[in-house]
Amino acid sequence: MPDRHTRLIRLIAPSGYCLQQEAAHRGINRLQQAGHQVDNLDVVTRREQRFAGSDAQRLADINQLATLADLPDIVLAVRGGYGASRLLDKIDYIGLQRRLLNQPVALCGHSDFTAIQLALLAQTGLITFSGPMLAANFGAAQHSDFTQQHFWQALTAPQFALAWPTSAPDCSPRSGRVWGGNLTMICSLIGTPWLPVHQDGILVIEDINEHPYKIERMMLQLQQSGILARQQAIVAGSFSSAAIGEYDNGFDFTTVWQRLRESTGLPIVTDLRFGHEADTVTVPLGARGELQVEAGTARLSLSGHPILT
């Protein structure tokens, strides 16, 4: 792994039970072999029904961060699934803000963890990192240098840029607060206090196992609730494992993005390697972003996020 420092990594499991036990332990071993310390290992095997422990246990994973004598460098979610939404109204936002705001601590994960990340951003201003998790990424059977490089870059560089080829039309520079994550989780927070309200935001989205028509329906919900009207641009990551059939008759993600461009007037920048894929970038949610597309290349520059010392 590119980071040469010894990091203290604390595992949390606020969502589903880790069915991929072998992968989780492989991820722990890889992190330890790279010289890092990994603690709170009991959360990997903890289970109640489909969850990684009771609501109280999973809530404690989050709230204990407010009272730890020594903060870890990285707080890493074991996996996603479902369960984080149950905890949102019981999180100690005031305590977490006092302990973690402006500290060199990186809270990392994606998928269901998006709910907690956006709630923290809305309630406390804490910037967290939408990126790899223990089981699916660090413990993947095939190690991804791409994912690891982008992870450590985001956590250690005060400014960095993501550049990628895109089929999206050119767009002039757009700047704003970068936020988002898993689209299903974003939409589940509409109408709650847990969804950040960013004027001039850059919304970065991804999802898995969702057909293009479901993605369009969720984007229409964001549009019709007035959220998209407050954005400068939308960046679409990966939308993996979506089965498109004969009935769709050409209706696909390209159709969805083009229709949204026409109905919102926003740049919809596609093809970012971000989400439920082996190769994924890491995006600091709440950081300052500068986005531009020119001649088939998109560039998103990021700054203002906490970095590890």
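For the structure itself, look to the data block above.
So, a few notes on the structure that sits alongside this text.

The rules behind the values
- Residues numbered from 1 in each chain as written.
- Predicted model: local features only at pLDDT ≥ 70, side-chain atom pairs only at ≥ 80, totals over all residues.
- Heavy atoms only, no water.
- Helix = DSSP H or I, 4+ residues; strand = E, 2+ residues; numbered from the N terminus.
- Buried < 20%, exposed > 50% of the residue type's maximum accessible area, 1.4 Å probe, protein only.
- Areas by Shrake-Rupley, 256 points an atom, 1.4 Å probe, with all protein chains shown as cover.
- Lys, Arg positive; Asp, Glu negative; His and termini not counted.
- Charge placed at Lys NZ, Arg CZ, Asp CG, Glu CD.
- Pairing = 2+ DSSP bridges.
- Axes fitted to C-alpha atoms, helices over the stretch in contact; angles between N-to-C directions.
- Parallel < 35°, antiparallel > 145°, perpendicular 65-115°, else oblique.
- Left-handed = near helix turned anticlockwise from the far one by under 90°.
- Contact = heavy atoms within 4.5 Å.
- Nonpolar A, V, L, I, M, F, W, Y, C, P; charged D, E, K, R; others polar.
- Core = buried A, V, L, I, M, F, W, Y, C linked by side-chain atoms within 4.5 Å.
- Salt bridge = Lys/Arg side-chain N within 4 Å of Asp/Glu carboxyl O.
- Polar contact = N/O pair within 3.5 Å; in protein donor to acceptor, adjacent residues only side chain to side chain.

Considering the overall build of the protein
Phase 1: When helices and strands are counted, the protein shows nine helices and 13 strands.
Phase 2: C-alpha atoms of the protein, sized along the principal axes, occupy 50 × 40 × 40 Å.
Phase 3: In the protein, which comprises 309 residues, the proportion classed as buried is 56%.
Phase 4: Accessible surface, the protein as shown: approximately 13,000 Å² in total, 46% of it carbon and sulfur.
Phase 5: Here the protein holds 24 positive side-chain charges and 28 negative ones, and the gap between their average locations is 5 Å.

Details of the pairing of strand β7 (residues 171-182)
Phase 1: The sheet contact formed by β7 and strand β12 (residues 288-294) spans five bridges and is antiparallel. Residue pairing for β12: serine 175 is matched across the bridge by glutamate 290.
Phase 2: Note that β7 and strand β8 (residues 201-208) share six bridges and pair parallel. From the neighbouring strand, arginine 177 faces β8, where its bridge partner is glycine 201.

Brief notes about the packing of helix α8 (residues 212-224) against helix α9 (residues 253-264)
Phase 1: Viewed as axis vectors pointing N to C, α8 and α9 meet at an angle of 20 degrees, and their least axial separation amounts to 9 Å. When the interaxial angle is binned, α8 and α9 end up roughly parallel. Handedness of the crossing formed by α8 with α9: right-handed. Contact residues: Pro212, Ile215, Glu216, Met219, Leu220 and Gln223 in α8; Phe253, Val256, Trp257, Arg259, Leu260, Ser263 and Thr264 in α9.
Phase 2: Residues that form the contact of α8 with α9 fall into these classes: eight nonpolar, three polar and two charged.

Here we look at the nonpolar core
Phase 1: Counting 100 residues, the largest nonpolar core has Leu11, Leu134, Ile205 and Trp257 as its most contacted members.
Phase 2: No other element matches helix α4 (residues 114-124), which puts six residues into this core.
Phase 3: What isoleucine 205 contacts, discounting residues up to four positions off in sequence, is Gly181, Leu183, Ile186, Met219, Ile234, Val235, Ala236, Gly237, Phe239, Trp257 and Phe274.

Some points on the pattern of salt bridges
Phase 1: Inspection of the entire model under this criterion finds seven salt bridges.
Phase 2: For aspartate 55, the salt bridge is made with arginine 86, and the minimal N-O distance between the two is 3.0 Å. Of this pair, aspartate 55 sits in helix α2 (residues 55-63) while arginine 86 sits in the loop between β3 (74-77) and α3 (93-100), and the two are 31 residues apart along the sequence.
Phase 3: Using a relative accessible area of 34% as the deciding quantity, one classes arginine 86 as partly exposed.
Phase 4: Salt bridges linked by common partners bring Asp55, Arg58 and Arg86 together as one network.

Describing the sheet that holds strand β2 (residues 37-39)
Phase 1: Reading across the sheet, the six strands line up as β2-β1-β3-β4-β5-β11 and stay open at both edges, with mixed pairing between neighbours. The two strands at the open ends of the sheet, each matched to only one other strand, are β2 and β11 (283-285). With direction set aside, neighbouring strand axes in the sheet form an average angle of 30 degrees.
Phase 2: In this sheet, strand β5 (residues 128-130) lies alongside strand β4 (residues 106-109) in parallel orientation, the contact comprising two bridges. What sits directly across from cysteine 108, in β5, is phenylalanine 129.
Phase 3: Packing of helix α1 (residues 21-33) onto the sheet brings it into contact with β1 (8-12), β2 and β3, and relative to β2 it is tilted by some 145 degrees.

Focus: α4
Phase 1: With nine of eleven residues buried, α4 lies mostly within the body of the structure.
Phase 2: Looking at α4, one finds that the buried residues are Thr114, Ala115, Ile116, Gln117, Leu118, Ala119, Leu120, Leu121 and Thr124.
Phase 3: Downstream of α4 by a residue or two, glycine 125 has a phi angle that is positive, lying close to 80 degrees.

Quick word on the environment of arginine 10
Phase 1: Turning to its location among the elements, arginine 10 is positioned in strand β1.
Phase 2: In this structure the C-alpha to C-alpha distance between arginine 10 and alanine 295, which are 285 residues apart in sequence, comes to 42 Å.
Phase 3: Beyond its immediate stretch of four places on either side in the chain, arginine 10 contacts Asp39, Asn40, Gln64, Leu65, Leu68, Pro72, Ile74, Val75 and Leu76.
Phase 4: Among the polar contacts listed, one links the side chain of arginine 10 to the side chain of glutamine 64, at a separation of 3.2 Å.

Considering the sheet that holds strand β6 (residues 159-165)
Phase 1: The strand order across the open sheet built from seven strands is β6-β13-β12-β7-β8-β9-β10, with neighbouring strands paired in mixed fashion. The sheet is open, and its two edges are formed by β6 and β10 (268-269), each paired on a single side.
Phase 2: By the bridge criterion, two bridges tie strand β9 (residues 231-240) to β10 in an arrangement that is parallel. Bridging across to β10, valine 235 finds its partner in valine 269.
Phase 3: The strands touched by α8 are β8 and β9; relative to β8, the strand with the most contacts, the crossing angle is about 150 degrees.

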